[in-house]
Amino acid sequence: MFFYIQIIIFFFVLMFMHELGHILAAKYLGLAIKKIGFQTKPYPHFFVAASWPRTNQEKNIYLFSGIIITFSLFLISLGFNFFNLKSLLIAFIIQIAIETNPFYSDITISVVSNPKKVKYGKTYGIDYKKEFSNYQFTKNWYIHFILWTLLIILLIKLYYFL
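Conventions used here
Residues numbered from 1 in each chain as written. Predicted model: local features only at pLDDT ≥ 70, side-chain atom pairs only at ≥ 80, totals over all residues. Heavy atoms only, no water. Helix = DSSP H or I, 4+ residues; strand = E, 2+ residues; numbered from the N terminus. Rg over C-alpha atoms; globule rule 2.2 N^0.38 Å. Buried < 20%, exposed > 50% of the residue type's maximum accessible area, 1.4 Å probe, protein only. Contact = heavy atoms within 4.5 Å. Areas by Shrake-Rupley, 256 points an atom, 1.4 Å probe, with all protein chains shown as cover. Lys, Arg positive; Asp, Glu negative; His and termini not counted. Charge placed at Lys NZ, Arg CZ, Asp CG, Glu CD. Axes fitted to C-alpha atoms, helices over the stretch in contact; angles between N-to-C directions. Parallel < 35°, antiparallel > 145°, perpendicular 65-115°, else oblique. Left-handed = near helix turned anticlockwise from the far one by under 90°. Core = buried A, V, L, I, M, F, W, Y, C linked by side-chain atoms within 4.5 Å. Phe/Tyr/Trp six-rings, centres within 6.5 Å; stacked < 30°, edge-to-face > 60°. Lys NZ or Arg CZ within 6 Å of the ring centre and 35° of its normal. Salt bridge = Lys/Arg side-chain N within 4 Å of Asp/Glu carboxyl O. Polar contact = N/O pair within 3.5 Å; in protein donor to acceptor, adjacent residues only side chain to side chain.

Digging into the overall build of the protein chain
For step 1, the next point in the chain: Of the regular secondary structure elements, the protein chain holds 6 helices and 2 strands.
For step 2, the next point in the chain: Reading the protein chain from its N end, one meets helices and strands in the order α-β-β-α-α-α-α-α.
For step 3, the next point in the chain: The globule rule puts the C-alpha radius of gyration for 162 residues at 15 Å, and the 16 Å found for the protein chain is close to it.
For step 4, the next point in the chain: Residues counted as buried form 41% of the 162 residues belonging to the protein chain.
For step 5, the next point in the chain: Contacts in the protein chain between residues far apart in sequence, at least 24 positions, make up 65% of those at least 6 positions apart.
For step 6, the next point in the chain: Of the roughly 9,700 Å² that the protein chain leaves accessible, carbon and sulfur atoms contribute 71%.
For step 7, the next point in the chain: The average position of the 15 basic charges and that of the 6 acidic charges among the side chains of the protein chain differ by 4 Å.

This is the structure in structure tokens:
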């Protein structure tokens, strides 16, 4: 039972660190943070809502900051052999699978959001559903899906290797 509680605790810590990456990036880019919260759609997750970045480069810095934090913590944990705690590794596997999924993640938001259509200060959500429906099942989406699947397989193999 304690093992599963550890997974949940580590998972929430990783989610917090991911969102902290967005907060730090927003502050660095001078974006106003509008809201920090929790929502259940399309799946339960925490979020940071900030003013939309002015350029494509700022958008990518903001959106990929959470993933960079997670992968940095993953590499640090791997390098210092923290994965003796299997619960930590499982929490990372879950977090990375969620963060990189081709259905709704910072990656898909970055790919489908067109900075020319969204004026500064507004949210990407204005056109997200429409833009995502245009992206889903395209060649790029299938590439994303295949890479995501391979990443999950690699992480599961790592679990059995360590």
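Quick word on the packing of helix α1 (residues 2-29) against helix α3 (residues 86-99)
For step 1, the next point in the chain: At a closest axis distance of 8 Å, the pairing of α1 and α3 adopts a crossing angle of 45 degrees. Relative to α3, the element α1 is oriented oblique. Every pair of crossing elements has a handedness; the one defined by α1 and α3 is right-handed. Along its contact with α1, which presents Phe 3, Gln 6, Ile 7, Phe 10, Phe 11, Leu 14, Met 15 and His 18, the element α3 presents Lys 86, Ser 87, Leu 88, Ile 90, Ala 91, Phe 92, Ile 94, Gln 95, Ile 98 and Glu 99.

A short note on the environment of Thr 108
For step 1, the next point in the chain: You can see Thr 108 is positioned in helix α4 (residues 106-112).
For step 2, the next point in the chain: According to the relative accessible area criterion, Thr 108 is buried, its value standing at 0%.
For step 3, the next point in the chain: For Thr 108, the contacting residues outside a window of four places in its chain are Asn 101, Pro 102, Phe 103, Tyr 128, Phe 132, Tyr 135 and His 144.

Here's the deal with the nonpolar core
For step 1, the next point in the chain: Core analysis: the largest hydrophobic core is formed by 16 residues, its most contacted members being Leu 31, Tyr 62, Ile 109, Tyr 128 and Phe 132.
For step 2, the next point in the chain: Elements with a contribution of two residues or more to this core: α1, β2 (45-50), α2 (56-79), α4 and α5 (128-135).
For step 3, the next point in the chain: Beyond its immediate chain neighbours, meaning those up to four positions away, Phe 132 contacts Pro 102, Phe 103, Thr 108, Val 112 and Trp 141.
For step 4, the next point in the chain: Phe 83, Leu 89, Ala 91 and Leu 158 belong to the second-largest nonpolar core, a separate cluster that totals 13 residues.

Focus: the packing of aromatic side chains
For step 1, the next point in the chain: Throughout the structure, instances matching the rule amount to 18 aromatic pairs.
For step 2, the next point in the chain: Centre to centre, the rings of Phe 74 and Phe 83 are 5.3 Å apart; their planes meet at 45 degrees, and the pair counts as tilted. In this pair, the class of Phe 74 matches that of Phe 83, namely buried.
For step 3, the next point in the chain: Clustering of aromatic rings is evident, with ring pairs tying together Phe 103, Phe 137, Trp 141, Tyr 142, Phe 145 and Trp 148.
For step 4, the next point in the chain: The ring centre of Tyr 159 lies 4.8 Å from the NZ or CZ of Lys 86, which sits over that ring.

Topic: the pattern of salt bridges
For step 1, the next point in the chain: On inspection of all chains with the given rule, the structure shows 1 salt bridge.
For step 2, the next point in the chain: Measuring nitrogen to oxygen at the nearest pair gives 3.5 Å for the salt bridge that ties Arg 54 to Glu 58.
For step 3, the next point in the chain: Using a relative accessible area of 16% as the deciding quantity, one classes Glu 58 as buried.

A short note on the side chain of Asp 106
For step 1, the next point in the chain: One can find Asp 106 in helix α4.
For step 2, the next point in the chain: It is Lys 59 that comes nearest to the buried, bridge-free Asp 106 among opposite-charge side chains, at 11 Å.
For step 3, the next point in the chain: A distance of 3.0 Å separates polar atoms of two side chains, one belonging to Asp 106 and the other to His 22.
For step 4, the next point in the chain: When residues no more than four places from it in sequence are discounted, the contact partners of Asp 106 are His 18, His 22, Leu 63, Ile 67 and Glu 99.

Read these as geometric descriptors, not functional statements.
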